[in-house]
Protein chains: 2
Amino acid sequence: MTSASTPFGFAVPAGLQRLEHRASFGGWQDVYQHDSSATGTSMRFGIYLPPQAAHGPCPVLYWLSGLTCTEQNFIIKAGVQRYAAEHGLIVVAPDTSPRGEGVADAESYDLGQGAGFYVDATVAPWAPHFRMQTYVAEELPALVEALFPANDRRSISGHSMGGHGALVTALRHPGRYRSVSALAPISSPMQSASGQGAFSAYLGADRETWKPYDACELIAHATERLPLRVDQGLDDEFIDRSLRPELLRAACEKAGHPLDLRLHAGYDHSYYFVASFMGEHVAHHAAALKASPSL
Amino acid sequence: MTSASTPFGFAVPAGLQRLEHRASFGGWQDVYQHDSSATGTSMRFGIYLPPQAAHGPCPVLYWLSGLTCTEQNFIIKAGVQRYAAEHGLIVVAPDTSPRGEGVADAESYDLGQGAGFYVDATVAPWAPHFRMQTYVAEELPALVEALFPANDRRSISGHSMGGHGALVTALRHPGRYRSVSALAPISSPMQSASGQGAFSAYLGADRETWKPYDACELIAHATERLPLRVDQGLDDEFIDRSLRPELLRAACEKAGHPLDLRLHAGYDHSYYFVASFMGEHVAHHAAALKASPSL
């Protein structure tokens, strides 16, 4: 059991606004806000700094959340802090889209604010701000590595729309992440109702432009072959319509891409499912992040 | 690490309505609603059934929540399910007051619905429904032990107003609980602003009637001397005005009552604090609950 020791002091980095600062398992669960150049808006992210960050730079696990989430859902509900403290990982959880006045939105829960789908939009009215792929893959890691006690060892994971985001972001950037995993991901947005609606809005009608954001398409051409760890509840209410793990399995089998797909009877789509398997995912990433750099 | 296996089947007990049923760490995090005879209202409670409950009756840890909480806050934020699954404990978390139409309420966050203070009110308009002491100490355990795979080994804990509730409920009922603990409890409602307001409303102006609901008063006359385990964050924003752990320490020292009071620099009043020490509290209760009955 992790003994919750007194957290170390940590000053607010220049250029950031600290909205929350809460001792957690001997470290700090913070929330920051900053002006993002990628989205042209103010963006929020949660960051857990483990006790080990008092003694030197730590590797970073990025977490991408699902539809309707902000940075809060994961940091409140997943129980990740205990595992991050055990393994000495920083965990960064951004919001799921740009928000605020002047940012386009839609009535539907699966388009617009809270539903960025981790793409860089190219079509009006989304293109000016909905540049979440650049934000999560480039701007946010650069910021974290410059301003926090973080090294450049990165892993990425996420849930549902964020599971799609994690798979796609890792597949699009060979060499950038040490490991990737997902819980109940949208396996192929191009073959899900929410994904088709979002991609047509953000990227336009030409489906060729969708492929660089579809895990099953990217797997066919992947050069890195980072093993994919995926957990999926079999009582998940979105499994047939939106998540479709069978598409991910088929794409990996066809391409010979390594996939560790674990199906769990009884589990649904909620954060109770995420929390139940969070420890295994953090351990999976910790092993990759702590392995010799030459491997 | 607890492997999250497939949860067992569990049918809804007669007389209860199941509102939530979510697989969690190989067991079930459920929420039930029932007609309470104590409060004369419909009451909700969360119950975690660990994997061990598939094989026979398990001991029960009762959790009492703080001001403004429902049964949801604890089951979402505390991360208790992992520890309960490890130790084989059922965890029951009731709502903090009666609610609904026809139930008295107040504008203030610390009186009325969401603020039952775990007393049996004697004064209008609260007396008809605000009978939370009878509910948590008698009706709920009887229901749980009759309808769930629970034995009659009980422990009790809670946070803030619920920490007060746990201490008082255990002290009022010698022999009923195997162990008691609290996180950031209101040590003496009679000497806190919120407590004075609530007790005068629920119990009337005669302070003698308040003493059976004040831990520091009860400790002076306790016969059982169940050790009190209490954790308190030193950056808790309510420590000086409402929680006042120094009163609990003084009462225990004066009476020679065993107290394990642990103060934690940096920690605040939030569920990030609760989650950080939840594992130690569950282990503390599990040890008492699994000890030989003759001890």
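You'll find the structure just up there.
Everything numeric in this text was worked out from a predicted model, so none of it was measured. (Residues numbered from 1 in each chain as written. Chains lettered and ligands numbered in written order. Predicted model: local features only at pLDDT ≥ 70, side-chain atom pairs only at ≥ 80, totals over all residues. Heavy atoms only, no water.)

Trainee: In this structure, what is going on with helix H9 (residues 271-290) of chain B? I would like to understand it.
Mentor: For the α-helix, the turn length of 3.6 residues means that residues three or four positions removed from each other point alike. All names here are of chain B. The terminal C-alpha atoms of H9 lie 27 Å apart, and with 20 residues this matches the ideal 28 Å at 1.5 Å per residue to within 8%. Extensive coverage of H9 is indicated by the burial of 15 of its 20 residues. Structurally, the start of H9 carries an N-cap: the backbone nitrogen of tyrosine 272 is 3.1 Å from a side-chain oxygen of serine 270. (Helix = DSSP H or I, 4+ residues; strand = E, 2+ residues; numbered from the N terminus. Expected span 1.5 Å × (residues − 1). Buried < 20%, exposed > 50% of the residue type's maximum accessible area, 1.4 Å probe, protein only. Polar contact = N/O pair within 3.5 Å; in protein donor to acceptor, adjacent residues only side chain to side chain.)

Trainee: Would you mind going over the interface of chain B and chain A with me for this structure?
Mentor: Frequently, the measure chosen for interface size is the accessible area that the parts lose on association. In this assembly, 33 residues from chain B lie in contact with 34 residues from chain A. With both chains or domains summed, chain B and chain A bury close to 2,600 Å², and 56% of this area falls on carbon and sulfur atoms. On the surface where chain B and chain A come into contact, there are two salt bridges. Run the count over chain B and chain A and you get ten residue pairs in polar contact (both at pLDDT 80 or more). Mapped onto the side of chain B that touches chain A, the elements with two or more residues apiece are strand E1 (17-24), strand E2 (27-35), helix H1 (72-77), helix H2 (80-87) and H9 of chain B. Of the residues forming the side of chain B that touches chain A, the biggest block, eight residues, is contributed by H9 of chain B. Residue classes in the side of chain B that touches chain A are distributed as 16 nonpolar, twelve polar and five charged. (Contact = heavy atoms within 4.5 Å. Buried area = accessible area lost by both parts, 1.4 Å probe. Salt bridge = Lys/Arg side-chain N within 4 Å of Asp/Glu carboxyl O. Nonpolar A, V, L, I, M, F, W, Y, C, P; charged D, E, K, R; others polar.)

Trainee: Which parts of the structure should I look at to understand the relation of the copies chain B and chain A?
Mentor: Two chain copies here: they are related by a rotation about an axis and a translation along the same axis. Aligned on chain A, chain B shows an RMSD of 0.0 Å; the corresponding rotation is 180° and the shift along the axis is 0.0 Å. Each copy turns onto its partner about a two-fold axis. A share of 100% of the interface residues of chain B reappears at the interface of chain A, consistent with the copies meeting face to face through the same patch. (Least-squares fit on C-alpha atoms with pLDDT ≥ 70 in both.)

Trainee: Looking at this model, I keep getting lost on the pairing of strand E3 (residues 42-49) of chain B. Mind explaining?
Mentor: Residues in a regular strand point their side chains to alternate faces of the sheet. Residues and elements named next belong to chain B. Among the eight residues that make up E3, six are buried, leaving the element largely enclosed by the rest of the structure. Pairing analysis gives eight bridges linking E2 to E3, with the strands arranged antiparallel. Of the residues in E3, the one forming a bridge with aspartate 30 is isoleucine 47. The hairpin turn running from E2 into E3, its antiparallel successor, is six residues long, and glycine 40 in that turn takes a positive phi close to 65°. The pairing of E3 with strand E5 (residues 90-94) spans four bridges and is classified as antiparallel. Following the sheet pairing, glycine 46 is matched in E5 by alanine 93. (Pairing = 2+ DSSP bridges.)

Trainee: Looking at this structure, I do not really get the sheet that holds strand E8 (residues 228-233) of chain A. What am I missing?
Mentor: Strands sit in the order E1-E2-E3-E5-E4-E6-E7-E8-E9 (chain A) across an open sheet of nine strands; the sheet is mixed. Of all the strands in the sheet, just strand E1 (17-24) and strand E9 (259-264) of chain A have a single pairing partner and so form its edges. Strand-to-strand twist of the sheet, defined as the mean angle between neighbouring strand axes without regard to direction, takes the value 20°. Strands E1 and strand E2 (27-35) of chain A of the sheet are contacted by H9 of chain B, whose axis makes an angle of about 30° with E1 of chain A. (Axes fitted to C-alpha atoms, helices over the stretch in contact; angles between N-to-C directions.)

Trainee: I tried to follow the side chain of histidine 159 of chain B on my own but got confused; where do I start?
Mentor: Residues and elements named next belong to chain B. You can see histidine 159 is positioned in the loop between strand E6 (150-158) and helix H4 (161-172). A residue is classified by how much of its surface remains accessible, and histidine 159, at 5% relative accessible area, is buried. For histidine 159, the contacting residues outside a window of four places in its chain are Trp63, Leu64, Ser65, Gly66, Leu183, Ala184, His269, Tyr271 and Val274.

Trainee: In this structure, what is going on with the packing of aromatic side chains? I would like to understand it.
Mentor: Any aromatic ring pair is given by two values, namely how distant the centres are and how the planes are angled relative to each other. As enumerated under the stated definition, the model contains 28 aromatic pairs over all chains in all. A network of ring pairs unites the aromatic residues Phe10, Tyr32, Phe45 and Phe148 of chain A as a single cluster. (Phe/Tyr/Trp six-rings, centres within 6.5 Å; stacked < 30°, edge-to-face > 60°.)

Trainee: Honestly, unusual backbone geometry in this entry has me stumped. Any pointers?
Mentor: Following alanine 124 of chain A, the chain continues to proline 125 of chain A via a peptide bond in cis, the omega torsion being 0°. With respect to the helices, strands and loops of the structure, proline 125 of chain A is situated in the loop between strand E5 (90-94) and helix H3 (132-147). Unusually for a residue other than glycine, tyrosine 118 of chain A sits at a positive phi of about 60°. With a phi angle near 60°, arginine 225 of chain B is a residue other than glycine that sits in the positive phi range. Checked against the element boundaries, arginine 225 of chain B lands in the loop between helix H6 (215-220) and strand E8 (228-233). What makes arginine 225 of chain B partly exposed here is its relative accessible area of 33%.

Trainee: Looking at this structure, how should I read the nonpolar core?
Mentor: Side chains that are nonpolar tend, in soluble globular proteins, to be buried together. Grouped together as the largest cluster of nonpolar side chains are 199 residues, with contacts concentrated most on Tyr202 of chain A together with Tyr202 of chain B. With near-sequence residues (within four places) excluded, tyrosine 202 of chain A lies in contact with Leu111, Gly112, Ala115, Gly116, Phe117, Val119, Ala121, Thr122, Val123, Trp126 and Phe130 of chain A. (Core = buried A, V, L, I, M, F, W, Y, C linked by side-chain atoms within 4.5 Å.)

Trainee: For this particular structure, what's the right way to read the pairing of strand E7 (residues 179-183) of chain B?
Mentor: All names here are of chain B. Within E7, five of the five residues are buried, leaving the element largely enclosed by the surrounding structure. Burial of the side chains of E7 extends over both faces: Ser179, Ser181 and Leu183 are buried on one face and Val180 and Ala182 on the other. Two strands pair when backbone bridges link them, and E6 and E7 are joined in this way by two bridges, in the parallel orientation. Paired with isoleucine 156 across the two strands is valine 180, which belongs to E7. Of the strand pairs in this sheet, E7 and E8 are connected by four bridges, and their pairing is parallel. Following the sheet pairing, leucine 183 is matched in E8 by aspartate 231.

Trainee: Just checking my understanding: could you explain the side chain of histidine 257 of chain B for this structure?
Mentor: Residue and element names in this part refer to chain B. Checked against the element boundaries, histidine 257 lands in the loop between helix H8 (245-255) and strand E9 (259-264). You can call histidine 257 buried: its relative accessible area is 5%. Excluding its chain neighbours within four sequence positions, the residues that come into contact with histidine 257 are Leu171, Ile219, Ala222, Arg225, Leu226, Leu228 and Cys252.

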